[in-house]
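Here is how the chains run, residue by residue.
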Amino acid sequence: MSVKDILEGKLTGKEVELKGWLVTKRSSGGVQFLMIRDGTGTIQSTIHKDEVNEKIFQETDKLTQESSLALKGIVKVDKRAPGGYEIRVNDLQIVQLAVQDYPLSKKAHGIDFLMDWRHLWIRSPRQIAILKIRAEVVKACRDFLDEQGFTLTDSPIFTPSSVEGVATLFETPYFGDKAFLTQSGQLYVEATMAAFGKVYCFGPTFRAEKSKTPRHLTEFWMVEPEMAFFTFEDNLRLQEEMLTYIVKKTLEKRSKEFEVLKRDTKPLKKVEPPFDRISYTEAIGMLQKDGFSIEWGEDLGLPHEKAISLKFEKPVFVHRYPARTRAFYMQPDPEDPKVALCADLMAPEGYGEIIGGSERIYDLKLLEQRIEEFGLPKKAYEWYLALRKFGSVPHSGFGLGIERTVTWICKLKHIRETIPFPRTTTRIYP
RNA sequence: GCCGCCGUAGCUCAGCUAGGUAGAGCGGCUGGCUGUUAACCAGUCGGUCAAAGGUUCAAGUCCUUUCGGCGGCGCCA
């Protein structure tokens with residue numbers, strides 16, 4: 001028996017037993033109103049003084065916010081109750097009487113306080129809605145890829161060296177040696193790809209950069225598909241289909257949560273293939289025309305991504321960035337080797353990049369040359385180079401940031417609410 | 001790392017411009033109310049004004065430093 005079933009009208013008139021937590025309590029003397037949360041929803045329960053024994057009524061009167069309890073009662077339709085249903089209680093047992101000073105009141109709190117109490121904050125309606133949507137996004141990613149014949153092959157979290165040799169990594173002792181927390185599982189899925197054809201990894205990644213922005217976490221989750229024999233174009237198409245699937249499934253299954261968040265879902269309903277595409281070179285021209293002082297060869301910052309994103313109703317690919325500014329493994333464009341066959345996907349409504357992808361270099365000589373040009377330690381990449389020696393094939397892949405995607409889908413101002421326990425440069429508690 | 005803003009009751013904040021008895025709402029507690037919707041009404045408890053130093057007869061208020069947070073930028077798929 002769950003609140004969800006009651007609110008769907010499946011148990012009207014029936015006697016139910018409900019176990020859950022007390023969200024709030026109101027009283028008008030002879031009637032007490034309890035809002036009960038059980039994980040599937042929240043429902044009002046009423047206790048009338050003349051309908052239960054006096055001991056239960058008095059105990060209920062002493063109930064504190066977030067106490068856990070079990071109750072029995074009859075489900076009734078009542079227009080006065082939020083949600084249209086309520087339980088008329090005839091028996092109630094306290095599982096644990098919460099200590100009186102529950103820190104999160106019904107009034108406003110500041111972000112620092114809420115983050116200090118994150119372990120309790122996740123019980124609030126808004127946080128429940130966001131985390132439900134996150135769970136749906138994760139499920140959609142996995143369902144989509146599994147249905148498309150992908151195999152899940154997770155990459156290690158302890159790694160021996162930097163994947164791209166640039167970003168700052170978290171270091172940890174490893175039996176007298178050093179290990180680093182992964183910043184991308186990509187190189188490893190390139191290996192498993194040769195065993196399974198289409199693969200993906202899904203897990204946490206770590207960046208030790210001191211980024212202090214509303215779109216960065218030091219620990220975040222990525223899904224990284226890698227596909228054998230996929231061209232650059234095949235890659236973009238897969239991304240379009242996957243993101244469309246994610247948005248559709250989330251809209252379909254989590255409409256109540258969008259209501260809680262007051263998220264206008266109209267922009268999300270426009271997400272469907274094909275997405276718009278502009279080249280990096282076109283983007284630079286566009287930005288210069290808009291008055292940005294940016295030259296060809298410079299990387300796009302958030303203001304640039306935002307400006308581009310706002311020009312399109314759907315997600316937009318920005319492709320073919322200067323090869324010099326991108327990762328060493330990206331395939332140069334045969335028609336213009338100055339640029340790489342890569343694309344970032346910008347989410348609409350001013351949200352920036354949520355996906356980065358590329359076709360990978362599969363020629364051994366070229367890859368060795370690039371590793372040298374980037375000044376990377378060749379020895380650390382021996383195993384990776386071996387993938388080009390034994391049955392190397394053209395292939396492509398991408399990485400989708402779960403939290404950035406959820407931030408956009410929920411239209412949040414900050415990424416920190418999209419993960420149960422966010423890790424940022426200034427926070428590792430709780 | 002840089003720039004800006006902030007730190008006062010458990011929480012959200014006012015008080016600072018112009019130095020002169022520490023305030024409000026919410027939460028807690030006590031009592032009232034037989035249909036509440038962030039319930040309401042009455043009463044009550046609650047303070048190292050982030051820390052240290054300085055100016056002054058007098059500092060929550062002015063000055064300096066440190067710490068912590070927030071916002072933006074940078075770094076960063």
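Residues numbered from 1 in each chain as written. Chains lettered and ligands numbered in written order. Predicted model: local features only at pLDDT ≥ 70, side-chain atom pairs only at ≥ 80, totals over all residues. Heavy atoms only, no water.

Caption draft 1: Main features of the protein's contact with RNA strand B. Contacts to RNA strand B come from 43 residues, most closely from S27, K106, H109, H216 and M330. Atoms of RNA strand B within 4 Å of the protein: sugar and phosphate make up 47%, bases the balance. K210 places a main-chain nitrogen or oxygen 3.0 Å from a base nitrogen of RNA strand B. (Near = heavy atom within 4 Å. Polar contact = N/O pair within 3.5 Å; in protein donor to acceptor, adjacent residues only side chain to side chain.)

Caption draft 2: Seen up close, the sheet that holds strand β8 (residues 171-174). Strands sit in the order β7-β9-β8 across an open sheet of three strands; the sheet is antiparallel. Two strands close off the open sheet at either side, each with one partner strand: β7 (158-159) and β8. Bridge count for β7 against strand β9 (residues 177-181) is two bridges, and the pairing is antiparallel. What sits directly across from F158, in β9, is L181. (Pairing = 2+ DSSP bridges. Helix = DSSP H or I, 4+ residues; strand = E, 2+ residues; numbered from the N terminus.)

Caption draft 3: Here's a closer look at the nonpolar core. Formed by 45 residues in total, the largest nonpolar core has its most connected members in V223, I246, W408 and I409. In this structure, W408 is in contact with L243, V247, R263, L268, V271, A347, P348, E349, Y351 and I354, ignoring residues within four places of it in sequence. F312, Y321, F328 and M346 belong to the second-largest nonpolar core, a separate cluster that totals 29 residues. (Core = buried A, V, L, I, M, F, W, Y, C linked by side-chain atoms within 4.5 Å. Buried < 20%, exposed > 50% of the residue type's maximum accessible area, 1.4 Å probe, protein only. Contact = heavy atoms within 4.5 Å.)

Caption draft 4: Layout of helix α2 (residues 54-61). Every buried residue of α2 is listed here: I56, F57 and T60. Projection of α2 onto a plane perpendicular to its axis shows the buried side chains occupying an angular sector of 100°, all on one side. Away from the buried face of α2 by more than 90 degrees, exposed residues E54 and K55 are located. Those residues of α2 hidden inside the fold are in contact with β1 (15-27), β2 (31-37), β3 (42-48) and β5 (85-96). (Arc of directions from axis to C-beta.)

Caption draft 5: The arrangement of the pairing of strand β16 (residues 342-346) in detail. Most of β16 sits inside the fold, with five of its five residues counted as buried. Residues C342, D344 and M346 point to one face of β16 and A343 and L345 to the other, with burial holding for every one of them. Relative to β16, strand β13 (residues 316-319) runs antiparallel, the two sharing four bridges. Looking at β16, one finds that H319 is bridged to A343. Where β16 and strand β17 (residues 353-360) come together, five bridges link them in antiparallel fashion.

Caption draft 6: Structural context of the packing of helix α5 (residues 125-147) against helix α7 (residues 232-253). Where α5 contacts α7, the two axes come as close as 9 Å, and the packing angle between them is 135°. As far as their axial angle goes, α7 and α5 are oblique. α7 is crossed by α5, and the crossing has right-handed handedness. Contact residues: α5 offers I133, E136, V137, K139, A140, C141, D143, F144, L145 and E147, while α7 offers L238, E241, M242, Y245, I246, K249, T250 and K253. (Axes fitted to C-alpha atoms, helices over the stretch in contact; angles between N-to-C directions. Parallel < 35°, antiparallel > 145°, perpendicular 65-115°, else oblique. Left-handed = near helix turned anticlockwise from the far one by under 90°.)

Remember, this is a structural readout, not a statement about activity or role.
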